[in-house]
Amino acid sequence: MPVVVKAEQHGDERGALLAYLEAQRGGIRRALHGLTEEQARSTPSASELSLAGLLKHVTVVEEGWLRTFRGIETSQAEEKEAWEHSFHPADEQSVEALLAYSERVAAETEKAVGELSSLDETFVVPPAPWDKGGEFSWRWGLLHLIEEYARHAGHADIVRETIDGKGAFDLVFETGAMPEPDWSAFAQE
């Protein structure tokens, strides 16, 4: 998403990764800005993706990875069930409730990362039908979460623009996530 991520303190890899993760979370959250519940749940493109569904999905995925990072085991059946329903919010899952869920999971992730002695600490990913699993660093885990959010932030851009024509930059400026640039400062003579 088109926001400026401030440079980290020299050597603060953890802060840099968390800042980029939050920038991508913000892109998906902003895509919901100013929409009605009906618009947020609508599927205006050729896919079945809705903005509310995208927010729920990335939050469910982040929460699942956080359990994996922490070594909290869940059954393959539970994981499959959560993922299969992740793109479709239940009736009681309003945009407001999904945003609160997203913020809660984000805070848990940031707390867990802050408690690490090093991003070199590892966790074990169990085997899955698409991958053999193995031991991975928290660094890898954070990069994977950034990738997941960025992929779906792009989907959110398309869905939102299809709903009402607002692009990512429009939403960045409208929500105050970044001030609109003063292009006159860059005028060429």
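Overview of the structure. Keep in mind it's a predicted model, so treat the numbers as computed, not measured.

**Details of the pattern of salt bridges**
1) Next: Summed over all chains, the structure comprises 14 salt bridges.
2) Next: Close ionic contact of Arg-29 with Glu-22 constitutes a salt bridge, the shortest N to O distance being 2.7 Å.
3) Next: Arg-29 gets classed as buried once you look at its relative accessible area, which sits at 15%.
4) Next: Put simply, Glu-37 and Arg-41 hold a salt bridge, and the shortest N to O gap is 3.8 Å. Pair noted here: Glu-37 and Arg-41 are both in helix H2 (residues 37-41), with a separation of 4 residues, about one helical turn.
5) Next: A cluster of three or more residues bridged by salt bridges with shared partners is formed by Glu-22, Arg-25, Arg-29, Glu-62 and Glu-110.

**Structural notes on the layout of surface pockets**
1) Next: Roughly 1,100 Å³ of volume is contained in the largest pocket.
2) Next: Residue lining of the largest pocket: 34 residues in total, with Trp-65, Thr-68, Glu-79, Ala-128 and Trp-130 positioned closest to the centre.
3) Next: Only helix H3 (51-70), helix H4 (76-84), strand S1 (122-125) and helix H6 (138-164) provide two or more residues apiece to the lining of the largest pocket.
4) Next: The element best represented in the lining of the largest pocket is H3, accounting for 7 residues.
5) Next: Partitioning the lining of the largest pocket into residue classes produces 15 nonpolar, 10 polar and 9 charged.

**Details of the packing of aromatic side chains**
1) Next: Applying the stated criterion across every chain, the model contains 12 aromatic pairs.
2) Next: Pairing Phe-69 with Phe-123 gives two aromatic rings, centres 4.7 Å apart and planes at 50 degrees, and the pair type is tilted. Here Phe-69, found in helix H3, pairs with Phe-123, found in strand S1; they are 54 residues apart in sequence, far enough to count as distant.
3) Next: Classification of Phe-69 by relative accessible area gives buried; the value is 4%.
4) Next: Plain terms: the ring middles of Phe-123 and Trp-140 are 6.4 Å apart, the flat faces sit at 50 degrees to each other, and that makes the pair tilted. Of this pair, Phe-123 sits in strand S1 while Trp-140 sits in helix H6; the two residues are 17 residues apart in sequence, bridging distant segments of the chain.
5) Next: We classify Phe-123 as buried; its relative accessible area is 4%.
6) Next: For Arg-25, the ring lying beneath its charged end belongs to Tyr-149, and the centroid distance is 6.0 Å.

About the cut-offs
Sequence order as written defines the numbering, with residues in each chain counted from 1. Given that the model is predicted, a residue must reach a pLDDT of at least 70 before its local features are reported, and side-chain atom pairs must reach 80 or more before they are shown or counted; all residues, however, enter totals for whole chains, interfaces and linings. Note that water and hydrogens are dropped before the side-chain values are worked out from all heavy atoms of the structure. A carboxyl oxygen of Asp or Glu within 4 Å of a side-chain nitrogen of Lys or Arg is what we treat as a salt bridge. Summary of the burial criterion: residues with accessible area below 20% of their type's maximum are buried, those above 50% are exposed, and those between are partly exposed, where the area comes from a 1.4 Å probe applied to protein chains only. Counting from the N terminus, the helices are DSSP H or I runs at least four residues long and the strands are E runs at least two residues long. The definitions used throughout rest on a 1 Å grid laid over the protein atoms alone, on which a cavity is an enclosed set of points accommodating a 1.4 Å probe that cannot get out and a pocket is an open set flanked by protein within 12 Å on both sides along at least five of seven lines; lining residues are those having an atom within 4 Å of a point. Grid points are joined across faces, edges and corners, and a volume is the space filled by probe spheres set on the points. Following the grouping adopted for this structure description, the nonpolar residues are Ala, Val, Leu, Ile, Met, Phe, Trp, Tyr, Cys and Pro, the charged ones are Asp, Glu, Lys and Arg, and the polar ones are all others, Gly among them. Centres within 6.5 Å make a pair out of two Phe, Tyr or Trp rings, where for Trp the six-membered ring is used; the pair is then stacked when the planes are under 30 degrees apart, edge-to-face when over 60, and tilted otherwise. In this scheme, Lys NZ or Arg CZ marks a charge over a ring once it lies within 6 Å of the ring centre and within 35 degrees of the ring normal.

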